[in-house]
Amino acid sequence: MGSLDTERATMGWAAKDPSGILSPYTYTLRNTGAEDVYIKVLYCGICHTDIHQIKNDLGMSNYPMVPGHEVVGEVKEVGSEVSNFKVGDKVGVGVLVGCCRNCRPCEADVEQYCNKKIWSYNDVYTDGKPTQGGFAESMVVDQKFVVKIPDGMALEQAAPLLCAGVTVFSPLSHFGLKQSGLRGGILGLGGVGHMGVLIAKAMGHHVTVISSSDKKRVEAMEHLEAADSLDYIIDTVPANHPLEPYLSLLKLDGKLILTGVINTPMQFLTPMVMLGRKAITGSFIGSMKETKEMLEFCREKGVTSMIEVIKMDYVNKAFERLEKNDVRYRFVVDVAGSKLDP
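Everything in this summary refers to the structure shown in the same document. Just so you know, the residues in each chain are numbered from 1, in the order the chain's sequence is written. In view of the model being predicted, local features appear only for residues whose pLDDT reaches at least 70, and side-chain atom pairs are presented and counted only at 80 or more, with totals across whole chains, interfaces and linings using the full set of residues. As a rule here, side-chain values cover all heavy atoms of the structure and leave hydrogens and water aside.

Re the overall build of the protein chain
Reasoning step 1: Helix and strand assignments come from DSSP, with helices taken as H or I runs of at least 4 residues and strands as E runs of at least 2, each series counted from the N terminus. Counting secondary structure elements, the protein chain contains ten helices and 18 strands.
Reasoning step 2: Computed over C-alpha atoms, the radius of gyration of the protein chain comes to 20 Å, within 12% of the 20 Å expected from 2.2 N^0.38 for 342 residues, which places it in the range of a compact globule.
Reasoning step 3: The principal-axis extent of the C-alpha atoms belonging to the protein chain is close to 65 × 40 × 35 Å.
Reasoning step 4: Per-residue accessibility, obtained with a 1.4 Å probe over protein chains only, is compared with the maximum for each type, and a residue is labelled buried under 20%, exposed over 50%, and partly exposed between these values. Looking at the protein chain residue by residue over its 342 residues, the buried ones come to 52%. Radius of gyration means the value over C-alpha atoms here, while the globule rule gives 2.2 Å times the residue count to the 0.38 power.

What follows is the structure in structure tokens.
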């Protein structure tokens, strides 16, 4: 285990500037501590947030940046204090790799709301080094932010669950919307929306997919029993859009749950929420506890998503296609099966 004290070089694919074009990049992983797990990356999903980050859409990007936060890999080494994982385990890493551990959200096991959370890439770790994501040969991650992939679950299938899956599961769980028989709407059928349909159906909900494109939206509204029919809508659209058409679909006490990152102000008329005691709320990924529950739920119910597995040399084309919504419904990079060096 002597190698735990030394830095390791690894190879990833990084964006070097806001063009967002990824190319090979060699960097060192931080020293592996007592609570750390050293992971060989096998697969990594591509999330819409990756586009925001590599292109500096939110004005907070630091380069070089290795994206990827739907990471599935194999444990190659563990620190002396690691109790939950052993060499050979298949594991997942999601959007976060650190938190303060003593604020109210951390103590309540909802560390995704910690003000000092550390993102799995485009952030700075406690040692002052930049964090880098899963489009790489390997990662070193604190055991708190690593989850076991359930036995029998296909590894490439597990990748989208680590962000898209838990993003939908968490609000359904938190807001008490897990019982069967509910009527739910999923707005936007991208990666998160697709997982939303699958997970809500597995919970026994009547699920309506609502398109966010104008033409499809009109059709969808006509086919819905329209007004006052839904218990909740999970809004996954990551671009500005009107809220009123969807608020009208909610029944009394219905919830519109926002999960898409939108960096321009949204609008609605207050009577749309007042006259049905409706709520507009938001939810951000999910906790490690919820991630474990969600993985177990998906294993039990046999939830599998539609994915397109690609090699790393296709990743720039995949980002182009994702920007045009030209994917059914999630790209997953076969990292271990790719040639990463130039």
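Continuing now.
Details of the pairing of strand 4 (residues 71-78)
Reasoning step 1: Counting buried positions over the eight residues of strand 4 gives six, a clear majority of the element.
Reasoning step 2: Here four bridges tie strand 4 to strand 5 (residues 90-93), and the two strands are oriented antiparallel to one another. When the sheet's bridge partners are listed, Glu74 is paired in strand 5 with Lys90. Whether two strands pair depends on DSSP finding at least two bridges between them.

A few points about helix 4 (residues 164-174)
Reasoning step 1: With nine of eleven residues buried, helix 4 is to be regarded as a mostly interior element.
Reasoning step 2: Residue contacts are counted whenever heavy atoms from the two residues lie within 4.5 Å of one another. Buried residues along helix 4 sit against helix 5 (191-202), strand 14 (230-235), strand 15 (250-258), helix 9 (288-301) and strand 18 (330-334).
Reasoning step 3: Gly176 occupies a position one or two residues after helix 4 and carries a positive phi of about 70°.

Points about the pairing of strand 14
Reasoning step 1: Among the six residues that make up strand 14, six are buried, leaving the element largely enclosed by the rest of the structure.
Reasoning step 2: For strand 12 (residues 183-187) and strand 14, the ladder comprises four bridges, and the chain directions are parallel. Within strand 14, the residue paired with Gly184 across the bridge is Tyr232.

Let's talk about unusual backbone geometry
Reasoning step 1: Note that the residue after Tyr63, namely Pro64, is joined by a cis bond; omega there is -5°.
Reasoning step 2: In this structure, the amide linkage connecting Arg328 to the following residue, Tyr329, adopts the cis form with an omega of -10°.
Reasoning step 3: Of note, Tyr329 is situated in the loop between helix 10 (315-323) and strand 18.
Reasoning step 4: The backbone phi angle of Arg101 is positive, close to 75°, even though this residue is not glycine.
Reasoning step 5: Of note, Arg101 is situated in the loop between strand 6 (96-98) and helix 2 (104-107).
Reasoning step 6: Exposure remark for Arg101: the relative accessible area of 41% places this residue in the partly exposed category.
Reasoning step 7: Not every positive phi belongs to a glycine, and Asn325 is a case in point at roughly 60°.
Reasoning step 8: Structurally, Asn325 is set in the loop between helix 10 and strand 18.
Reasoning step 9: A residue is classified by how much of its surface remains accessible, and Asn325, at 56% relative accessible area, is exposed.

Re helix 10
Reasoning step 1: Burial in helix 10 covers these residues: Val315, Ala318, Phe319, Arg321 and Leu322. Angularly, the buried residues of helix 10 cover 165° about the axis, an arc narrow enough to put them on a single face.
Reasoning step 2: Taken together, the buried residues of helix 10 touch strand 1 (8-15), strand 2 (22-29), helix 1 (48-54), strand 17 (307-310) and strand 18.
Reasoning step 3: Positive phi shows up at Asn325, right after helix 10, with a value of about 60°. The arc refers to the directions leading from the helix axis to the C-beta atoms.

A word on a nonpolar patch on the surface
Reasoning step 1: Residues form patches when they are more than 30% accessible in relative terms and have no salt bridge. Like charges link within 9 Å. Nonpolar side chains (Val, Leu, Ile, Met, Phe, Trp, Tyr) link within 5 Å. Only the protein chains shown count as cover for residues, and all accessible areas are computed by the Shrake-Rupley method using a 1.4 Å probe. When a carboxyl oxygen of Asp or Glu lies within 4 Å of a side-chain nitrogen of Lys or Arg, that pair is called a salt bridge. On the surface, a cluster of nonpolar side chains totalling about 250 Å² of accessible area is made up of Leu58, Met60 and Val261.
Reasoning step 2: Tracing the backbone through its elements, the reader meets Val261 in the loop between strand 15 and helix 8 (271-274).

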